[in-house]
Amino acid sequence: MADISARDLSKVYANGVVAVRHVDLEVADGEFLVLVGPSGCGKSTLLRMLAGLEEISAGQVFVGGRDVTDAPPRARDIAMVFQSYALYPHMTVRKNIGYPLKLAGVPKAEMEARVMAAARTLQLESVLDRKPAHLSGGQRQRVAMGRAIVRKPAAFLMDEPLSNLDAKLRVQMRAEIARLQREFETTTVYVTHDQVEAMTMGDRVAVLNAGEIEQCDSPRALYDRPANLFVAAFIGSPSMNFFAATIEPRSEGLVAVAGELVLPLDEGAWTADLRSWSGRTVTVGARPEAISAQPFRPGCPSVSAEVDFVEELGAELVVHSTVSTLGGSHAINAAIAAATNDGEVVTASNIVTKLPPNAGVRATDKITLYIDSTQIHLFDPAGPSLRGKDIW
């Protein structure tokens, strides 16, 4: 086992495209770190640079304190698990798992013992003599994992290993990979575009955008204290709601005003000097759970809304509504959707909330939505958070 360090890593292709920009990343020994972000953000390129499969334009890579920047992949003591599994179709499961050991010249008896140990761990004993064409998707993925495990490498690098599986199997394999990583305590860097996968698996999650790390933190911290609008929009499902507001000083204290909505602000809950923002526009962010059809407390701020459509998920309702008085919210949500969903704006609604399954809300209903002002986020419209302290 070993730590992994990337220092000022950059990748610029011959055509001038910058895929990775000055990335600094530290992965502790035994840590499970997830790289997440939209398509084309540079996460797979960064992983391949760590593995030695992609030439580095600038910067250094260290594995276990050893500079491996110019070392070939085989000299880095790293096992890679690919999206495509990369199994040899003419070989049995037994031979696929044992192939790295054969290349390394491991004695036959030891090789067989290690293959059997990996097969037991991954529940592959009954299919050891089958070829990949006769395996399910989940079994193929476990064979790919077995081939990595059997080497006992210093680190695992995994590039979207579950993207070819159906939804149910993805959930099962997520738990399996997390269990194996805990069992072997092997340093792991895992790439995915699925933020739910990232949040449920990683000790820490690095959110990438346009080749740069926007924030690297624990899943809880990313959700509760996003560093900027991009992270706030990308992390969370459904996404955070955003709308424009103006900071105003009033007799009762500072408030954020958005049309008919007046949100009281606790100045002590923010690291930024909110007084300096008086008269200026900020972007307010509110998670779906910070908005309800019932008041959180007496005098809770509220707005009138019209329900566009309702997603019935059994344990809860996800309600999409339009609040016409929240000026600028459509534009903000559209801009963020363009940045996080490859240009696809998924809904014209500007407020999404989660309600109990018995709420009895239907499309075209007129409802009142209450916002918990103690749970809102404030952002500079240019992106950075007016960073809230850890108040939740």
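The notes below deal with the structure included here. This one's a predicted model, so the numbers in the text were calculated from it and none came from an experiment.

Inspection of the entire model under this criterion finds 15 salt bridges. For Glu112, the salt bridge identified is with Arg94, shortest N-O distance 2.8 Å. Of this pair, Glu112 sits in helix α3 (residues 108-121) while Arg94 is found in helix α2 (residues 93-103), placing the two residues 18 residues apart along the sequence. Classification of Arg94 as partly exposed rests on a relative accessible area of 24%. One network of salt bridges, with partners in common, ties together Lys11, Arg48 and Glu54.

With that out of the way, let us pick up the packing of α2 against helix α4 (residues 137-149). Where α2 meets α4, the closest approach of the two axes is 7 Å, and the angle between their N-to-C directions is 30°. The orientation of α2 with respect to α4, classified from their angle, is roughly parallel. Classified by chirality, the crossing of α4 by α2 is right-handed. Here Val93, Asn96, Ile97 and Pro100 of α2 come into contact with α4, specifically with Val143, Gly146 and Arg147. Here the contact of α2 with α4 is built from residues that sort into four nonpolar, two polar and one charged.

Before going further, it helps to examine the sheet that holds strand β19 (residues 366-371). With antiparallel pairing, the five strands of this open sheet are ordered in space as β15-β19-β16-β17-β18. The open sheet has two edge strands with one neighbour each: β15 (291-292) and β18 (351-355). When strand β17 (residues 317-322) meets β18, the two strands line up antiparallel, connected through five bridges. Bridge pairing in β18 places Val319 opposite Thr353.

Turning our attention to the layout of surface pockets. Roughly 580 Å³ of internal volume is contained in the second largest pocket. Looking at the second largest pocket, it is lined by 20 residues, and the ones nearest its centre are Ile78, Ala79, Met80, Pro100 and Arg151. Mapped by element, the contributors of at least two residues to the lining of the second largest pocket are β6 (78-81), α2 and α4. It is α2 that provides the largest number of residues to the lining of the second largest pocket, a total of four residues.

What follows is about helix α5 (residues 167-184). Given 3.6 residues to a turn, an α-helix orients residues that are three or four positions apart in the same direction. With 18 residues, α5 ought to run about 26 Å at 1.5 Å a step, and its terminal C-alpha atoms sit 26 Å apart, in line with that. Contacts made by the buried residues of α5 are with β3 (32-36), α3, α4, β7 (155-159), β8 (187-192) and α6 (195-201). Regarding α5, its N-cap is Asp166, as a side-chain oxygen of that residue lies 3.2 Å from the backbone nitrogen of Lys168 further along. Taken from the residues just after α5, Glu185 is the one with a positive phi, measuring 55°.

This paragraph deals with unusual backbone geometry. A cis geometry characterises the amide bond from Ser237 onward to Pro238, with omega recorded as -5°. One non-glycine residue, His22, lies in positive phi territory at about 45°. Along the chain, His22 turns up in strand β2 (residues 18-27). Look at Asp77: it is not a glycine, yet its phi comes out positive at around 55°. Among the secondary structure elements, Asp77 is positioned in the loop between β5 (66-67) and β6.

Glancing now at the side chain of Thr92. For Thr92, the position within the fold is in the loop between β6 and α2. Setting aside residues no more than four positions away along its own chain, Thr92 makes contact with Leu128, Asp129, Arg130 and Lys131.

To continue, consider the nonpolar core. Counting 45 residues, the largest nonpolar core has Ile97, Ile177, Tyr190 and Val207 as its most contacted members. A per-element tally of this core places α4 first, with five residues. Ignoring any residue separated from it by four or fewer positions in sequence, one finds Ile97 in contact with Val115, Ala118, Leu124, Val143, Gly146, Arg147 and Val150. Ile247, Val284, Leu355 and Leu386 belong to the second largest nonpolar core, which has 33 residues in total.

Conventions adopted
- Residues numbered from 1 in each chain as written.
- Predicted model: local features only at pLDDT ≥ 70, side-chain atom pairs only at ≥ 80, totals over all residues.
- Heavy atoms only, no water.
- Salt bridge = Lys/Arg side-chain N within 4 Å of Asp/Glu carboxyl O.
- Helix = DSSP H or I, 4+ residues; strand = E, 2+ residues; numbered from the N terminus.
- Buried < 20%, exposed > 50% of the residue type's maximum accessible area, 1.4 Å probe, protein only.
- Axes fitted to C-alpha atoms, helices over the stretch in contact; angles between N-to-C directions.
- Parallel < 35°, antiparallel > 145°, perpendicular 65-115°, else oblique.
- Left-handed = near helix turned anticlockwise from the far one by under 90°.
- Contact = heavy atoms within 4.5 Å.
- Nonpolar A, V, L, I, M, F, W, Y, C, P; charged D, E, K, R; others polar.
- Pairing = 2+ DSSP bridges.
- 1 Å grid on protein atoms, 1.4 Å probe; cavity = no way out; pocket = protein on both sides within 12 Å on 5 of 7 lines; lining within 4 Å.
- Points joined across faces, edges and corners; volume = space filled by probe spheres on them.
- Expected span 1.5 Å × (residues − 1).
- Polar contact = N/O pair within 3.5 Å; in protein donor to acceptor, adjacent residues only side chain to side chain.
- Core = buried A, V, L, I, M, F, W, Y, C linked by side-chain atoms within 4.5 Å.

Everything listed here is a matter of geometry and, on its own, says nothing about what the molecule does.
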